[in-house]
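Each chain, letter by letter, is given below.
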Amino acid sequence: AVVSTQSTGDSAQMSNSIEKPEIDGRTSAADRLVEANLVGDSLCVGEIPVVKREGSVLIDIEDTVRAYEDDVESITFNKSVHEAMKKFARNMVLRQVKSGQSSSSAPDTVSQHRRLQLEQFIKATKVLLMTYEKVYKSTEPTDLALKRMLGPQLEYFVNAMLSKFNFKNRVAVRALKFYADSLLLLGELVKAEEALETAQNIAFQCFSPTDLDLFDILRDRATVLTRLGKKRETAGMLEQCIQIIERLEGEEFLLKESALLNELAQVHTNIGNLTYANTLLERSLSIRESIHGSNGLEICDTLSRLAMLRNKMGEPNQAHSQLNRVMRIQERHDVPRHEFGSTLCNLAAVSAALGEHEKSKVLYQSVLATKEKQFGLWHPEIATTLSNIAMVHMALGEYEEAKDALQRTRKIRGRVYGKNHPLVASTMANLASVSYTMGDLKDAMKLNEEALEIQQACYSDAHPLIAVTIKNMAMIENSQGDYDKAKSLYERVLKMEEVIYGELHPAIASTLNNLADCVLEQGETAKAAVLFQRAMETNEIVFGRDHPDVARNLNNLGRAFKEMGDYDGAKSKLTSALQMKQKRYGDAHINLVPTLMNLGDLFNLTKQPNKAREVLSRALKITEKKIGMKHPDAAKILRLLGNSFYLMGDLSTSEKLLNKSLDILEQVYETDHPYVLATRADLGSCTRPGAAPRIF
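What comes next is a walk through the structure.

Quick notes on the rules
Residues numbered from 1 in each chain as written. Predicted model: local features only at pLDDT ≥ 70, side-chain atom pairs only at ≥ 80, totals over all residues. Heavy atoms only, no water. Salt bridge = Lys/Arg side-chain N within 4 Å of Asp/Glu carboxyl O. Helix = DSSP H or I, 4+ residues; strand = E, 2+ residues; numbered from the N terminus. Buried < 20%, exposed > 50% of the residue type's maximum accessible area, 1.4 Å probe, protein only. Axes fitted to C-alpha atoms, helices over the stretch in contact; angles between N-to-C directions. Parallel < 35°, antiparallel > 145°, perpendicular 65-115°, else oblique. Left-handed = near helix turned anticlockwise from the far one by under 90°. Contact = heavy atoms within 4.5 Å. Nonpolar A, V, L, I, M, F, W, Y, C, P; charged D, E, K, R; others polar. Expected span 1.5 Å × (residues − 1).

A few points about the pattern of salt bridges
Point 1. Counted according to the given criterion, the structure contains 28 salt bridges.
Point 2. Here arginine 325 makes a salt bridge to glutamate 289, at a shortest N to O gap of 3.3 Å. You can see arginine 325 sitting in helix α12 (residues 316-332) and its partner glutamate 289 sitting in helix α10 (residues 274-292), a full 36 residues away along the chain.
Point 3. Judged by relative accessible area, which is 26%, arginine 325 ranks as partly exposed.
Point 4. With its nearest N and O atoms 3.2 Å apart, the salt bridge here joins glutamate 398 to lysine 361. Of the two residues, glutamate 398 is situated in the loop between α15 (380-395) and α16 (399-417) and lysine 361 in helix α14 (residues 357-375); the sequence distance between them amounts to 37 residues.

Dropping the structure here:
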């Protein structure tokens, strides 16, 4: 399994009867310096209490955004903040001022010092927030570095706002928002989520139910919850965002609603609710088409999302058709070629699903060349594209090329985000998959362990990426023959995934499939068949009976029946799997090859070498055309064909085919890899009579 490019408390509930505001929520008393009056023990703006009085300390501000605009616009962060903070530090002693206690007996002196202290703090806060806001949405490496540098300053200011001055206003919310953003750059997802939860609680208390700053916080929190793997909580946040936007009138808010529907659809796709995700995207597309028409450039994003959902639902041809529509719209609007990147990436992914891996590689390489010209060599977008290219190299059996692409990805992400970021961990997990496939199980385990350490520091225990990494470690243990340990890890993953997804999700079906493989290796064929059956039933519920994953499950059930000695049952399952795949992909798709190989092995076992030769020759022809003769799958097919000719008594041809198989394997694996050793053993059998060797 290859990894793709990995605390909440009760929050206030929104009222069911939300009134539409007369303004959009951004223009308020928070946008100007407010003179406040001390009334009794409370600080008030008009008749509204703002902050409780603490001793004799006077706080005469509710919020600030524009108070020092003339001074601040031309001042850089390094100069102004540090100068302001020097003045602020000189007045820190005033924090000790309590009821009637001060270094001066005159109350007005205390008030003046406090006012000066507060004004310096406000000024420094304004400069810091303005500086961060300028780079907030940027992904340029220099801006990312600046945001990381501003993070500790934001932490200091946030702590002072909340603990010293008890700010509960728009400035505090904005500071928490930026502080969370800086934490995300460092991979501190849990801390970022806590900061946003605090901002959300303040916003619920202080803002109107339709305030757009409240909306922004909810949306940011949804993003972080997604990265934490809390999909259902993410869906809840996005639904609250939609409730806000639905109550605001105007085209701008309709488009925001469409964007939210797109995001919510992605969450439900990840949960496994594909039909509901499709409904959400159709609703989003309807909104955009009502505003921009059926050929408007603005509908392309939602169309692309629908296409990729169709691809996930096992309909790559329909996905390809929709992406071609996107391309036609973009060409009609004279979109520059370098802006086609996301569409070309989607076409590359669909091409891979259609078995056209060479075409997929060309498309990704085209995107990479364009992005390198646009962003340079060290941009996060380069890393993402390199990771996609690596997966295509893997599919083509070009493992050294895949390894090179992922190592470059790791360097870029380490430089941009730091070595302990979740994206670096995901890259290490992908590198582990390459090492595993190449037979270097020791290196694969080491990389997975390092990736897991980073992920466990960033995520909660029940996170999808942690589950995938442990699943990969279980595969390694299984390959090393430690079946009990592998089984224990798979069962651990299964429990995690049931917590994350519930009982019905493709990830659970995948784990059940792997667990069945492990059990099959231990000789528990009946138990393996039950697990394969459960995996298939899960996928049937999620995807429907005609999905390619169901065909793969049938293929695995055929393997289990074959091991049980139920050759008729095995043939029935494998034949059904082949028919489903042919109906979906046609007669020459690479996904047909595993089933053809299993049928070939079955025919060898049942002493039908001519039938075996027929299906295996077909598998070899597809493999040679789609991924080339240097791929390990080509070697496995040659070995099975060698077994067929051995059964036919043609030992010379058998030896020739087995030597070809061995030559390919020795180019990919170490000399002590199980595939290499087994093929050498088969070669030895060509010189002595006996039963045909088994494929493993």
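Here we look at the packing of helix α11 (residues 300-312) against helix α13 (residues 341-353)
Point 1. Here α11 crosses α13 at 15°, and the two axes come no closer than 11 Å. In terms of orientation, α11 lies roughly parallel with respect to α13. Considering how the two elements wind past one another, α11 and α13 form a crossing that is left-handed. Residues Ser304, Met308 and Asn311 of α11 form the contact with α13, whose participating residues are Asn346, Ala349, Val350 and Ala353.
Point 2. Here the contact of α11 with α13 is built from residues that sort into 4 nonpolar, 3 polar and no charged.

Re helix α8 (residues 231-246)
Point 1. For α8, which comprises 16 residues, the first-to-last C-alpha distance of 22 Å matches the rise-based estimate of 22 Å (1.5 Å per residue) to within 8%.
Point 2. Of the residues making up α8, those classed as buried are Lys231, Thr234, Ala235, Met237, Leu238, Gln240, Cys241, Ile242, Ile244 and Ile245.
Point 3. Where α8 is buried, its residues touch α6 (189-206), α7 (212-227), α9 (251-271), α10, α19 (464-479) and α20 (483-501).

Concerning the environment of leucine 596
Point 1. Within the secondary structure layout, leucine 596 lies in helix α25 (residues 593-605).
Point 2. On the basis of relative accessibility, which here comes to 0%, the residue leucine 596 falls in the buried class.
Point 3. In sequence terms leucine 596 and alanine 619 are 23 residues apart; their C-alpha atoms lie 6.0 Å from each other.
Point 4. Filtering out sequence-adjacent residues up to four positions away, leucine 596 remains in contact with Leu578, Val615, Leu616, Arg618, Ala619 and Ile622.

Everything listed is a geometric property; what it means functionally is a separate question.
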